[in-house]
Amino acid sequence: MRVHTFLTECLFLAKCVHAVLKQLQDILKEASRRFSMPSPGLCEGQLKQENFILGSSTMDQVKGVLTLQGEALTQADINIKVAKSSQVMHFAFRDDKQWKLQQIQDARNHVNQALQLLSSRDESYTFKTGAEVNKLMDAVMLQLSRARNRLTTPASMTLPELAASGLVKMFTPPMPGDVMVNFYINLSKLCLTVYQLHVLQPNTTKNFKSAGSSVLHNPGAMFEYNNTKFEVSHVHKVECVVPWLNDTLVFFTISLQLCQQLKDKISVFSSFWNYRPF
Amino acid sequence: MSGNSLVLPIVLWGRNAPTHCISSLLVMDDLATIITGCHDGQICIWDMTPELEINPRALLFGHTASVTCLSKASAGSDKQYLVSASESGEMCLWDVNDGRCIEFTKLACAHTGIQFYQFNIGTQREGRLLCHGHYPEILVVDATSLEVLYSLVSKISPDWISSMSIIRSHRTQEDTVVAVSVTGILKVWIITADVSRMQDLDPVFEEESKPIYCQGCQSISFCTFTQLSLLVVCSKYWRVFDAGDFSLLCSVPSENNQSWVGGEFIAADKVIIWTEDGCSYIYKLPASCLPASEHFRSNVGKKTEGSIPPLVYSIADRADKQLLICPPVTRFFFGRREPFHKLLIQGDSAGRLTVWSIPETSPLQPLSSAAELQVSVSISLQEAFDKLMPSPAGIIDQLSVLPGSNEPIKVTASVYIPSQGRLVCGREDGSIVLVPATQTAIVQLLQGEHMLRRGWPPHRTLRGHRHKVTCLLYPHQVSPRYDQRSLVSGGVDFSVIIWDIFTGEMKHIFCIHGGEITQLIVPPENCSTRVQHCVCSVASDHSVGLLSLRERKCIMLASRHLFPIQVIKWRPCDDYLVVGCSDGSVYVWQMDTGALDRCVMGITAVEILNACDEVVPAAMDSLNHPAVNLKQAMTRRSLAALKNMAQHKLQTLATNLLAADNADKGNLPKYSHNSLVVQAMKTNVTDPDMHVLFFDVEAVIIQLLTEEAQRPNPTLVSPETLQKAPGGADKGGSFLANKIFKQVKETIKENIKEHLLDEDEDEEEEQRRREEKSKSLSLLEYNLTMDTAKLFMSCLHAWGLNGELDEVCLTRLGMLRPHTPVSFGLISRGGHMSLMLPTFKDSLLRQLAEGCAEGRKLSVSEIVGKGTYGVSRAVTTQHLLSVISLANTLMSMTNATFIGEHMKKAPARPPRPGTPETPRKTTPQASSPALQAQIKQGPWRGSLCLCLHAWLRSAISLSLSLSLSLSSAHGICSSCSLRHSCGSSAIERSEILINVCFKNCICHV
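Computed from a predicted model, the values in this text were never measured in an experiment.

Procedures and definitions
Each chain has its residues counted from 1, following the order in which its sequence is written. Here chains are named by letter from A upward and ligands by number from 1 upward, in the order in which they appear as written. Thresholds applied to this predicted model are a pLDDT of at least 70 for local features of residues and 80 or more for the giving and counting of side-chain atom pairs; totals over whole chains, interfaces and linings are not thresholded and use all residues. Hydrogens and waters are ignored; side-chain quantities use all the structure's heavy atoms. Each reported salt bridge corresponds to a side-chain nitrogen of Lys or Arg within 4 Å of a carboxyl oxygen of Asp or Glu. Secondary structure is summarised from DSSP: a helix means a run of H or I of at least four residues, a strand means a run of E of at least two, and numbering begins at the N terminus for each. Remark: exposure states derive from per-residue accessible area (1.4 Å probe, protein chains only) relative to the maximum for the residue type, with buried under 20%, exposed over 50%, and partly exposed in between. It only takes one pair of heavy atoms within 4.5 Å for two residues to be counted as in contact. Once two parts are joined, some of their accessible surface, as seen by a 1.4 Å probe, is lost; buried area is that loss totalled over both. A 3.5 Å cut-off defines polar contacts: any pair of N or O atoms within that distance qualifies, except that in protein one atom must be a possible hydrogen donor and the other a possible acceptor, and neighbouring residues in sequence count only when both atoms are side-chain atoms. Residue type decides the class: Asp, Glu, Lys and Arg count as charged, Ala, Val, Leu, Ile, Met, Phe, Trp, Tyr, Cys and Pro as nonpolar, and the leftover types, Gly among them, as polar. Neither His nor the chain ends contribute to the count of charged residues, in which Lys and Arg are positive and Asp and Glu negative. Site definitions follow a grid-based scheme: protein atoms alone, a 1 Å grid, a 1.4 Å probe that fits but cannot get out for cavities, and for pockets an open set with protein on both sides within 12 Å along at least five of seven lines, plus lining residues having an atom within 4 Å of a point. Grid points are joined across faces, edges and corners, and a volume is the space filled by probe spheres set on the points. UniProt positions are given in the numbering used here, feature names are shortened, and annotations may be inferred rather than shown by experiment. Think of it this way: a Phe, Tyr or Trp ring, Trp meaning its six-membered ring, pairs with another when their centres are within 6.5 Å, and the plane angle makes it stacked under 30 degrees, edge-to-face over 60, tilted otherwise. In this analysis the charged atom, NZ for Lys or CZ for Arg, is taken to sit over a ring once it is within 6 Å of the ring centre and within 35 degrees of the ring normal. In this description, strands pair whenever DSSP reports at least two bridges between them. Note on geometry: axes are lines fitted to C-alpha atoms, helical ones only across the stretch in contact, with angles between N-to-C directions running from 0 to 180 degrees. By definition here, a helix of n residues has an expected span of 1.5 Å times n minus one. Every residue is assigned a pLDDT by the predictor, reflecting its confidence on a scale from 0 to 100.

Asker: Got a minute to help me understand the pattern of salt bridges in this structure?
Answerer: A side chain of one charge can pair with a side chain of the opposite charge if their charged atoms are brought near each other. All told, the structure shown has 30 salt bridges over all chains when counted by the stated rule. Note that E71(A) is salt-bridged to R108(A), the shortest N-O span being 2.6 Å. One end of the pair, E71(A), is in the loop between strand 2 (62-69) and strand 3 (72-81); the other, R108(A), is in helix 2 (residues 102-119), and 37 residues separate them in sequence. With a relative accessible area of 2%, R108(A) lands in the buried category. Ionic pairing is found between E525(B) and R481(B), a salt bridge with its closest N-O pair at 3.2 Å. Here E525(B) is found in the loop between strand 40 (517-521) and helix 6 (529-532), whereas its partner R481(B) is found in the loop between helix 5 (475-478) and strand 37 (486-491), with 44 residues between them in sequence. The buried category is assigned to R481(B), whose relative accessible area is 17%. Several salt bridges share partner residues, and in doing so they unite E30(A), R33(A), R34(A) and D247(A) into one network.

Spelled out as structure tokens, the structure:
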């Protein structure tokens, strides 16, 4: 009995697991390639630059053209049409500045860590127990789900945090004090939010209530920054799909499912292997 | 009185050591303590002697995810602090001596490395922790408050930091932080005195940023011997750099497809490098890397790849490494004080520590063939457990040993029913055992006549599951809307069974899931009436079922989830069942129709889950099913169980009792057995359960007083006895509340009688039906409270300090001596907990033996009591307080003895198996008149009082020396605020005091 189950386990581990791991590795390599990691030997300029035109079907107050190079936004042109005066404001990134999208960097690092975990267990390695495979899968899945979560759940920030983030200082001409912008990734979309603010008078009768942290604040949200109270008057959100981010998300989902299926298989087998009559 | 109550945990570990898959490792500076963190989130403290004997001492509970890194958090050797970080972003500060959690915090991102750093600003010293992890900065955290002070950031290509090292320079006042990012860029920050004083969150930018082309950097370390070179280990090669200008001195590739994971300088000219699979190599560095040599930097700028420096030693892994399920963790430490060991320590997935002591000198052999270094010492948690004689007790071991086998059947699921004082244990073989918790704990922990009896204590076995029972639920405990007879169990055989615990009858079997049952949950109050009579079952095939106990059918099965179910939440107002899966997706099911309303991911999923929390008060999910794993147990302990059981409700209960008649008497029976809570825990899902008994001292006292006040012959309670002890905190109330107590007790008694009768009838019916199942379950024929107090006092008493007193305790007070030192625990803030491992007494023995002038060997029994007074000061304080208050209470009672229970009087059962005869009904009746007679003997009572009084006095004097320095200053009960501990001299002094007092007491008698 014992010998038999041991043999079936070995057979399964030898045949099935490596096939799945190979497949997994291929998918993740493909995903990692999409992030176009700057290889240390090459200079930065060799990274591909992509332009994205951000817009929304319902409104045209805000338009933006963003240039994404790897994980950083290298150029940005934003046109904001102010509702009252129908005057168009134009902002662009200063030449010396670029904005790193931390979400992309984190996702890239997580997927690379997952790959590193897998690469140490190639065909030459023999798995001895199902538990060993489970442990590996747990570690890989942790990295993969973190990678995916970084893209699917943008950081929620408070408005003062956003105001202090230094993003407004990136632009030329300098942004006026009543405009704030935020860039983030939501799923496969590159999003730009523009908040138009107005200053609340100190003697205002309105109840001041500081808004909590959120990915996207609504008009009416209030906050205090540098001893001045502000209220958000307009919010404009424009976005554009980044095709390669979409690909990576698909890769992440597929590989997570592969991992889970392998774990499920092992758990079915192991409950059979561990069966001991009483 | 302090707002916190005194809850003391006692652990029954069982024979199986908890799974301890080591994920991080640390040796404290004095080389006397090793700390290991594991993948399940526990931290183990191991004691190490100068002769390199290692013994596990305690297990710290608090993290909910894998421990990623450990670091010391204090510079001095008087107070040793430890900081740990977990995969989920938690950080904890622990006291190494007693395992108290001093501070904890949670950040959004996980740390992968922490280093302690001490700033010297003039005479002022401040501890800082430099952390790096899954974020592109180095965070500087205060080492006592765990607050983020500021961060070290980079201007040029900021990225995650994979490794970091602090270079201390004695020449200048500046210290340098060197770090390598994941993309292989070396960064340097300079920390000056101004920087360290900075309190605001202004970032500090890097001084230098240099690509060193090290892909997959694993570790960097600075040579502390010469302070001139830097070792960088990457997975495929290791390199030595000049620490001044970071120019490459040598580079060595790995052989045979091995991947390096770390390295360290062990001397000015030698490095040790280890691989992922646990082999280590000691290399002698080439002359170009040695600052002392004239060839230093001789080949800077030349191509240096390929040449492999001579190998001094190779340290292979153990032979049985095939049992490992993940790569081991290797670290190198050297002592800066006596005994100057240079140790290579490896911790692996089997909970094993292997230590190699690295010799100063090279072997005499020719260097061409590297010598193999022998293992100095190796021990695993399980080995340490196996070595113990007697083996560590499990909660129902005496009932679980099958004939012809040594190993008890493992308990795989348990639930405690406080209202009945019963523990329900599901076992590996599919049977479920119901047993009185106190009695079974007495058998396991204490020596006594019960050891001779087979099948003691009386228990009932339910058989129905084919294989392992995975979860148990007693729904009535969560909500009174459920029938108090029904018990629900889930098994690995995919079935969920409803039992009647009074008859032992199997009511119904649900077979709806396609995988083993992992969780059983009670829906919240405000669900529809149909759902209110359901329990929710979760299975490993990722399905969720709603099983109606009343209709005996499954009313909903949600089974389309692709990933394992992590959390179940409810939106009763919308009739939604919300299922959160491990991949972050959320499924919303309509309970009524069983339709999938929607399936979402990302922000929306998070928002839906948060919205459920707002509607339903916290901890609604998985509140009351027994430990599925430790994460849940811990959350429950901190959130619901501890708070409710210990502090809040009992405080209200006490005040209610004192207040007067308007107290809500209806609620009282509910709390009547809360003095003891048995919590099953497991550190890993594959482990068998271990059990922690939580004694609430206040609750024990309240119960004792309640029963005392209710006693039929009040003439015996003279006012003097009560007034004699004004120290007892809860005593004042007993007189005032006499009336209430009586009423309450009457009702309780009636309830009890009902139950008892019920049970006996059922029993008899059953006995007629099945002969072999006829063991009596007469739970309440003994005094539950007294039994709890007996167990508690016997565990706490300082056995072995005074022989005469021990004798009195044994013969007159009816206390029992523990088999071995009891493993106590310590609850500190936020539900963090430290539990002594059963092996702790070995360290203690050694410690005491050292203390003995003659150096004679002490036996285990001699230190039974001293155990608790030597191991940890915070524990000692708690124990003294408990002993004092409880002894005080017992003294005022009419029959303050644990003798006279029916156990003593019952005819000794012949120790033969398979004889089902039980003179059950006669037992209690026979015992009670005898018991009464004995108690009424005046002189006996006198001596008893005297003895207890003396005992109390000594306990007080013992505590005086302690409490003057300790307890009063810190508020004993608040286990969390005990920041300081008294010196051992205080303990010695009090031991002398104790002895003097006992002598006096014995003379009087």
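Asker: Would you mind going over the interface of chain B and chain A with me for this structure?
Answerer: Where interface size is quoted, it is often the accessible area lost as the parts come together. Between chain B and chain A, the residue contacts involve 34 residues of the former and 35 residues of the latter. Roughly 2900 Å² of surface becomes buried between chain B and chain A when both sides are summed, with 58% attributable to carbon and sulfur atoms. Three residues, W160(B), I325(B) and I603(B), lead the burial of chain B against chain A; their summed loss comes to 20% of the area buried on that side. There are three salt bridges connecting chain B and chain A. With a closest N to O distance of 3.2 Å, R108(A) and D159(B) form a salt bridge. Counting across the interface, chain B meets chain A through nine residue pairs in polar contact (both at pLDDT 80 or more). Take the side of chain B that touches chain A: its biggest share by element is three residues, from helix 7 (residues 602-615) of chain B. Classifying every residue of the side of chain B that touches chain A gives 17 nonpolar, eleven polar and six charged.

Asker: I tried to follow the side chain of E90(B) on my own but got confused; where do I start?
Answerer: All names here are of chain B. Along the chain, E90 falls in strand 8 (residues 90-95). Although E90 is buried, it forms no salt bridge, and the closest oppositely charged side chain is K106 at an N-O distance of 4.8 Å. A polar contact of 2.7 Å, which involves the side chain of E90, links it to the side chain of S86. Among the polar contacts made by the side chain of E90, one reaches the side chain of S88 at a distance of 3.1 Å. In contact with E90, other than residues within four places in its own chain, are G62, H63, T64, A65, S84, A85, T105 and K106.

Asker: Sorry if this is basic, but what is going on with empty space enclosed by the protein here?
Answerer: Over the atoms, a rolled probe matching the size of one water molecule traces out where space is still vacant. Residues and elements named next belong to chain B. A complete count under the given rule lists twelve cavities of 30 Å³ or more for this structure. Roughly 160 Å³ of internal volume is contained in the largest cavity. Surrounding the largest cavity, 17 residues form its lining, G14, R15, D397, V411 and D689 being those nearest its centre.

Asker: Explain the UniProt feature "repeat: WD" (unreviewed entry) in chain B here, please?
Answerer: Under the local residue numbering, the UniProt record ascribes the feature "repeat: WD" (unreviewed entry) to residues 60-104, 462-509 and 558-599 of chain B. Structurally, residues 558-599 of chain B comprises 0% helix and 55% strand, and the distance from its first C-alpha atom to its last is 12 Å.

Asker: Looking at this model, I keep getting lost on the packing of aromatic side chains. Mind explaining?
Answerer: Two descriptors summarise a pair of aromatic rings, namely the distance from one centre to the other and the angle between the planes of the rings. Under the definition given, this model contains 14 aromatic pairs over all chains. Geometrically, the ring pair formed by F93(A) and F171(A) is tilted, given 5.2 Å between the ring centres and 55° between the ring planes. With F93(A) in strand 4 (residues 88-93) and F171(A) in strand 6 (residues 171-172), this residue pair connects regions lying 78 residues apart in the sequence. With a centroid separation of 5.3 Å and an interplanar angle of 40°, the aromatic rings of W238(B) and Y283(B) are classed as tilted. Note that W238(B) is positioned in strand 21 (residues 237-242) and Y283(B) in strand 25 (residues 280-284), a separation of 45 residues in sequence. Considered together, W238(B) and Y283(B) belong to a single accessibility category, that of buried residues. Three or more aromatic residues link up through ring pairs in this structure, and these residues are F91(A), F93(A), F171(A) and F183(A). A cation over an aromatic ring shows up here: K155(B) above the ring of F205(B), its NZ or CZ 4.3 Å from the ring centre.

Asker: When you look at the environment of I395(B) in this model, what are you seeing that I'm missing?
Answerer: All names here are of chain B. The topology assignment puts I395 in the loop between helix 2 (381-387) and helix 3 (397-400). Considering only alpha carbons, one finds I395 and V11, 384 residues apart in sequence, at a separation of 9.3 Å. Aside from chain neighbours lying at most four places away, what touches I395 is L12, L423, C425, T440, Q444, H691 and L693.

Asker: Looking at this structure, how should I read the pairing of strand 7 (residues 179-186) of chain A?
Answerer: If a strand is regular, its side chains alternate between the two faces of the sheet. Residues and elements named next belong to chain A. Counting buried positions along strand 7 yields eight of eight residues, so the element is predominantly enclosed. Inspection of the sheet shows strand 7 paired to strand 8 (residues 189-200) by eight bridges, in the antiparallel sense. In the sheet register, V181 faces strand 8, and the bridge partner there is V194. Linking two consecutive strands that pair antiparallel, namely strand 7 and strand 8, is a turn of two residues; a positive phi of about 55° is found at L187 within it.

Asker: Explain the sheet that holds strand 5 (residues 54-61) of chain B to me, please; I cannot follow it from the model alone.
Answerer: Sheets are built from strands paired through backbone hydrogen bonds, the pairs being either parallel or antiparallel. Residue and element names in this part refer to chain B. If you walk across this open sheet you meet the six strands as 2-3-4-5-51-50, and the pairing is antiparallel. Looking at which strands have only one partner, the edges of the open sheet turn out to be strand 2 (22-27) and strand 50 (825-827). Ignoring which end each strand starts from, the neighbouring axes of this sheet average 20° apart. Pairing analysis gives four bridges linking strand 5 to strand 51 (residues 833-836), with the strands arranged antiparallel. When the sheet's bridge partners are listed, F61 is paired in strand 51 with M833.

Asker: What am I meant to see in unusual backbone geometry here?
Answerer: A negative phi angle is the norm for most residues apart from glycine, just as the trans form is the norm for most peptide bonds. In the segment running from T172(A) into P173(A), the intervening peptide bond is cis, with an omega of -10°. Of note, P173(A) is situated in the loop between strand 6 and strand 7. Backbone torsion omega between M389(B) and P390(B) reads -5°, so that peptide bond is classified as cis. Within the chain, N226(A) stands out as a residue other than glycine whose phi angle is a positive 50°. Within the fold, N226(A) resides in the loop between strand 9 (222-225) and strand 10 (228-241). For N226(A), a relative accessible area of 62% puts it in the exposed group. Even without being glycine, L52(B) reaches a positive phi, approximately 65°. Within the fold, L52(B) resides in the loop between strand 4 (43-48) and strand 5.

Asker: Teacher, can you tell me more about helix 14 (residues 784-796) of chain B here?
Answerer: Given 3.6 residues per turn, any residue in an α-helix points the same way as the ones three and four places further on. For helix 14 of chain B, with 13 residues, the first-to-last C-alpha span of 18 Å sits near the 18 Å given by 1.5 Å per residue. Of all 13 residues in helix 14 of chain B, 13 are buried, a share of seventy percent or more.

Asker: What should I look at first to understand the confidence of the model for chain A in this one?
Answerer: Detailed reading of the predicted coordinates is not advisable wherever pLDDT falls low. Residues and elements named next belong to chain A. For chain A, per-residue confidence averages 85 on the pLDDT scale, and residues scoring 70 or more make up 90% of the total. Looking at the elements of chain A, mean pLDDT is at its lowest for helix 1 (residues 2-34), recorded as 81, and at its highest for helix 2, recorded as 93. The low-confidence segment residues 41-45, where pLDDT is below 50, has three contacts with residues more than four positions distant or belonging to other chains.

Asker: Could you clarify how one ought to interpret the environment of G99(B) in this entry?
Answerer: Residue and element names in this part refer to chain B. Following the sequence through the fold, G99 ends up in the loop between strand 8 and strand 9 (101-106). A relative accessible area of 0% places G99 in the buried class. Considering only alpha carbons, one finds G99 and T33, 66 residues apart in sequence, at a separation of 12 Å. For G99, the contacting residues outside a window of four places in its chain are L60, W94, S828 and S834.

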